[in-house]
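A look at the structure
Listed below, chain by chain, are the residues.
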Amino acid sequence: MTDRGAMLYDVLRHVRPLVLNSARVVERSLRFDDLTVGMRAVLEVLAEQGPLTVPVIGDRLDLARQGIQRHVNDLIDRGLAEPRPNPAHRRSVLIATTPAGAALFARIRAGELARLGTMAAECGIEEITTALRVLAALHRDIREEAGRS
């Protein structure tokens, strides 16, 4: 019988280089748009979830608020995001994509999905569905473990 912990460890061993190499590919694809991987990640959260505060964006990306604020400032400087009043809090603004930011992210996402559609061709939909379920469960449990003091 295979040890469950060892199998999950093997899954995690593949994740780190996958994430690093994915970031390299994304970074290379963003060069001509003058975006960083971090700026792209913030645009994605805003495009998918609508206007959010900087702390909420940081929580969704598991990143510090200060780093998110730098990405937000860069996106605002490029006209890709904008601050909006926050009806729930006078001093904490919401950050939203501009029409230019939404259009840019839609173009970036379409290119990424086209490239990804050609990868892991030997894996069927059921296998991909299982991989998503396993990775989501690992993320949930490891995030919870990381949050413990």
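Placed above this text is the structure.
Structural notes, computed from the coordinates. Residue indices follow the written sequence of each chain, beginning from 1 at its first position. The predicted origin of the model limits local features to residues at a pLDDT of at least 70 and limits the giving and counting of side-chain atom pairs to 80 or more, whereas totals for whole chains, interfaces and linings rest on all residues. Think of the side-chain values as coming from all heavy atoms in the structure, minus any hydrogens and water.

**Side note on unusual backbone geometry**
Of note, D62 is a non-glycine position whose phi angle comes to about 55°, a positive value. Each residue's exposure class comes from its accessible area (1.4 Å probe, protein chains only) as a fraction of the maximum for that residue type: buried when under 20%, exposed when over 50%, partly exposed otherwise. Classification of D62 by relative accessible area gives partly exposed; the value is 42%. The phi angle at A120 is positive, at roughly 50°, despite the residue not being glycine. The helix and strand labels rest on DSSP assignments: H or I over at least four residues marks a helix, E over at least two residues marks a strand, and numbering proceeds from the N terminus. By the element assignment, A120 lies in the loop between α5 (99–116) and α6 (125–147). The class of A120 is partly exposed, set by a relative accessible area of 42%.

**Comments concerning the environment of V45**
Within the element layout of this structure, V45 appears in helix α2 (residues 37–49). On the basis of relative accessible area, V45 is assigned to the buried category, the value being 6%. A sequence separation of 62 residues divides V45 from R107, and the C-alpha atoms of the two residues are 15 Å apart. Those residues in contact with V45 that lie beyond four places of it in its chain are G50, L52, I57, R60 and L61. Whether two residues are in contact is decided by their heavy atoms, any of which lying within 4.5 Å being enough.

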